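Now for the letters of each chain:
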Amino acid sequence: MDNRTKEGHPPQSAGSRSPRPATDSYRPGDQQKHRSMEGDTASDRPNQPPAPVSKRERMQERHQRRKRGRTPPSVFPRRNRSRSPNGSTPRDDRERRRSRSPLAPRSPSPDAPRQRKRPGGGARQGLADRETLRRRQEERERAEQDEAMRNSRDRGVTDVVRQHYNAVPERGREWRKTESKIKGLRSFNNWVKSTLIQKFSPDEEFAARFNDTKEWADDSTGPPPVDDKRLLVLDLGCGKGGDLGKWQLAPQAVDLYVGLDPANISIEQAQGRYDQMRSGRGQRGRRPPQPIFHAEFYPKDCFGEWLGDVNIIQQVGIDANAGPGGSIMASRFGGGGFDVVTCMFAIHYAFESEEKARQMLRNVAGCLKKGGRFIGVCPNSDVITSQVSNFHKKRKEREAAKPAEPEGPEDGEVEEDERASWGNDIYRVQFPGATPEDGVFRPPFGWKYSYFMREAVEEVPEYVVPWEAFRALTEDYNLELQYRKPFLDIWEDEKNDRDLGPLSERMGVRDRSTGALAMTEEEKDAVSFYHAFCFYKV
Ligand SMILES: C[S@@+](CC[C@H](N)C(=O)[O-])C[C@H]1O[C@@H](n2cnc3c(N)ncnc32)[C@H](O)[C@@H]1O
């Protein structure tokens with residue numbers, strides 16, 4: 001069944017059904033008053049409460065960046081980027097509207113008697129009408145067929161991705177920490193995600209407590225009470241709930257966490273993990289029940305569907321006017337209710353088409369309140385561009401060195417050695433078809449590659465997220481870029497932070513004796529494929 005929605009009129013879908021008993025529902029303000037620094041993984045747990053000095057520095061970076069105002073204009077040309085789903089640009093639409101003459105004859109009302117010009121004209125008109133009706137009917141059927149094909153193709157990729165993640169075994173923390181061949185990489189990725197959460201999840205009011213501008217003093221109310229306002233967090237593509245412990249350690253406490261993912265088995269596992277955290281039944285024996293935020297988990301395709309039909313999302317607030325064409329007044333005074341939308345290692349699935357990328361952004365922007373943060377990590381298109389252009393450079397050098405072949409490939413065929421690919425023993429990226437020689441992906445959607453990661457991802461289709469195009473698109477949704485950094489640069493910047501540095505030791509990211517990154521060269525190469533970002537809803 002096609003669950004996709006028409007603008008603002010979402011049908012009920014499986015996403016709105018709760019897999020949990022209805023007795024445990026969320027009421028905004030249902031706050032756990034006591035928060036423990038103990039997460040569900042010992043490695044995530046600082047022994048001390050975070051030191052204000054370090055927090056101040058982290059918050060300052062983010063606050064100063066906010067003050068700089070809007071980000072510089074994108075190098076991605078505006079006219080190329082905002083095609084509407086029917087393929088026209090807003091400019092095309094404007095011009096179409098402009099060229100309509102105000103004096104054009106109006107079509108008669110359907111009730112008005114038709115004027116016959118010549119005898120016999122009525123019969124001919126009847127025939128013409130039948131012909132028009134037949135043509136319209138054919139057009140409608142063709143459009144329906146195209147839509148059905150598009151839907152089944154989209155479903156196809158989503159199903160492959162869902163089945164893959166559903167099938168990934170939940171091996172447990174102990175195995176991940178000791179047996180895994182990519183334990184260094186796993187820990188490092190987790191540390192980067194914790195870093196993003198620590199730096200960008202607090203709201204401006206909370207952050208103001210930790211910088212010395214003392215803006216709060218202007219209205220002489222004093223610094224805002226730390227514990228008063230808690231965060232409402234939405235995790236798109238939450239997987240098996242691996243980030244729950246990180247959210248428990250967020251500087252500003254979380255009140256509600258909503259996790260969505262199309263992989264229903266992953267969602268059940270995430271629910272199980274949360275239940276364990278709450279009950280204190282960890283892998284290391286029984287502990288006293290842990291005070292933890294309220295959380296809800298639902299199976300949901302967050303890039304192909306509108307999120308407004310998920311009850312908890314509706315309860316917190318989602319703005320159907322977010323994005324181009326929405327009312328300015330509505331978006332100024334409306335807006336969603338979430339403080340943070342997080343999407344870790346997942347937005348690349350949305351770049352299959354412009355329609356999906358826009359649906360993802362409409363969901364993100366619709367759910368965020370003004371000032372809310374959209375944080376995430378994804379493959380860095382700068383890396384892909386440089387790998388692809390290098391690949392073509394070397395290929396051309398090889399071709400120039402060998403004698404000319406009598407026959408080239410048939411039309412549309414891509415020769416084996418023209419398919420860009422790179423990687424090492426633990427990860428591999430492989431494009432199934434031709435790629436641009438300069439590595440610049442135009443148009444920016446639908447550039448599929450398959451990604452393999454030892455123990456984690458087996459040849460799953462992903463899509464390039466061309467960064468400048470993505471950033472240009474986010475502007476249509478009032479999302480302003482605040483931060484973007486490659487993974488290894490984040491390490492260089494934060495490894496000596498008073499909280500994040502020691503956290504990296506506890507998480508096994510840094511060798512305690514040498515202070516160096518505890519990753520093999522292959523793992524470092526694999527993590528350098530990614531970057532992290534934060535946008536603010538303005
Ligand atoms: C690499 S996993 C990351 C899981 C989790 N965010 C983490 O960081 O551990 C990618 C996740 O994206 C999810 N995903 C794929 N397509 C999606 C979609 N259309 N909507 C939401 N999530 C999707 C997958 O099911 C999978 O759980």
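Residues numbered from 1 in each chain as written. Predicted model: local features only at pLDDT ≥ 70, side-chain atom pairs only at ≥ 80, totals over all residues.

**Student:** Please give an account of the overall build of the protein that cites residues and values.
**Tutor:** When helices and strands are tallied, the protein shows 17 helices and 13 strands. Per-residue burial for the protein yields a buried fraction of 37% across its 538 residues. Expressed as a percentage of contacts within the protein between residues at least 6 apart in sequence, the contacts between residues at least 24 apart total 75%. (Helix = DSSP H or I, 4+ residues; strand = E, 2+ residues; numbered from the N terminus. Buried ≥ 20, exposed ≤ 12 C-beta atoms within 10 Å, placed from the backbone. Contact = placed C-beta atoms within 7 Å.)

**Student:** Quick one: what's the story with the UniProt feature "site: mRNA cap binding" (unreviewed entry) in the protein, residue by residue and with numbers?
**Tutor:** With numbering aligned to this structure, UniProt lists the feature "site: mRNA cap binding" (unreviewed entry) at Lys 240, Lys 246, Arg 273, His 348, Glu 462 and Tyr 530. Spanning 291 residues, the named residues do not form one spatial group; their C-alpha atoms are separated by as much as 27.0 Å. The exposure class of Glu 462 is buried, given the 22 C-beta atoms found within 10 Å. Excluding residues that lie within four positions of it along the chain, Glu 462 makes contacts with His 348, Tyr 349, Tyr 449 and Tyr 451. Sequence-distant contacts of Tyr 530, defined by excluding residues within four places in its chain, comprise Val 377, Cys 378, Pro 379, Asn 380 and Phe 487. (UniProt positions renumbered as here; feature names shortened; annotations may be inferred.)

**Student:** Provide a residue-level description of the site of the ligand, including the pertinent values.
**Tutor:** Lining the immediate environment of the ligand, one finds 22 residues, of which Gly 237, Gly 239, Cys 302, Met 344 and Ala 346 sit closest. When residues in the shell around the ligand are grouped by element, the largest group, 4 residues, is from helix α4 (residues 121–167). Residues of the shell around the ligand, tallied by class, amount to 12 nonpolar, 6 polar and 4 charged. (Near = placed C-beta within 6 Å. Nonpolar A, V, L, I, M, F, W, Y, C, P; charged D, E, K, R; others polar.)

**Student:** Can you tell me about the environment of Arg 358, naming the residues and giving the values?
**Tutor:** Positionally, Arg 358 belongs in helix α12 (residues 354–367). By the C-beta count within 10 Å, which is 22 here, Arg 358 ends up buried. For Arg 358 and Gly 323, which are 35 residues apart along the polypeptide, the C-alpha to C-alpha distance reads 8.6 Å.

**Student:** Explain helix α13 (residues 381–401) to me, using residue names and the numbers behind them.
**Tutor:** The end-to-end C-alpha distance of α13, which contains 21 residues, comes to 30 Å, matching closely the 30 Å that a straight helix rising 1.5 Å per residue would cover. Residues of α13 that are buried in the fold lie against β7 (368–379), β8 (421–423) and α14 (467–475). (Expected span 1.5 Å × (residues − 1).)

**Student:** Describe α12, with residues and values.
**Tutor:** Under the 1.5 Å per step criterion, the end-to-end length of α12 is 20 Å for 14 residues, consistent within 8% with the ideal 20 Å. Of all the 14 residues making up α12, 13 are buried; the element is thus mostly covered by neighbouring parts of the structure.

**Student:** Before we move on, could you go through the sheet that holds strand β2 (residues 254–261) and cite the residues and values that matter?
**Tutor:** Within the open sheet, the 7 strands sit side by side as β5-β2-β1-β6-β7-β13-β12. Their pairing is mixed. Two strands bound the open sheet, and with one partner strand each, they are β5 (294–299) and β12 (479–486). Recorded for the sheet is a direction-independent mean angle of 15° between the axes of neighbouring strands. Where strand β6 (residues 338–344) and β7 come together, 6 bridges link them in parallel fashion. For Thr 342, the partnering residue across the bridge sits in β7 and is Ile 375. Of the strands in this sheet, β6, β7, β12 and β13 (530–537) touch helix α6 (residues 183–200), which is tilted by about 160° from β7. (Pairing = 2+ DSSP bridges. Axes fitted to C-alpha atoms, helices over the stretch in contact; angles between N-to-C directions.)

**Student:** Summarise the pairing of β2; cite the residues concerned and give the values.
**Tutor:** For a regular strand, side chains alternate in direction, first toward one face of the sheet and then toward the other. Across the 8 residues of β2, 7 count as buried, placing the element largely inside the fold. Inspection of the sheet shows strand β1 (residues 231–236) paired to β2 by 6 bridges, in the parallel sense. The partner of Asp 235 across the bridge, within β2, is Gly 259.

**Student:** Residue-level account of the environment of Gln 269, with values.
**Tutor:** Tracing the chain through its elements places Gln 269 in helix α9 (residues 264–279). Between the C-alpha atom of Gln 269 and that of Gly 242, which follows or precedes it by 27 residues, the distance is 9.8 Å. Ignoring sequence-local partners within four residues, the contact set of Gln 269 consists of Glu 170, Lys 240 and Gly 241.

**Student:** Let's hear about the nonpolar core: which residues, and what values?
**Tutor:** In terms of nonpolar packing, the biggest core is built from 105 residues, with Val 233, Val 254, Phe 338, Val 341 and Cys 367 touching the most fellow members. The dominant element in this core, judged by the number of residues it contributes, is α6, at 7 residues. With near-sequence residues (within four places) excluded, Val 341 lies in contact with Leu 234, Leu 236, Val 364, Cys 367, Leu 368, Gly 372 and Phe 374. (Core = buried A, V, L, I, M, F, W, Y, C linked by C-beta atoms within 7 Å.)

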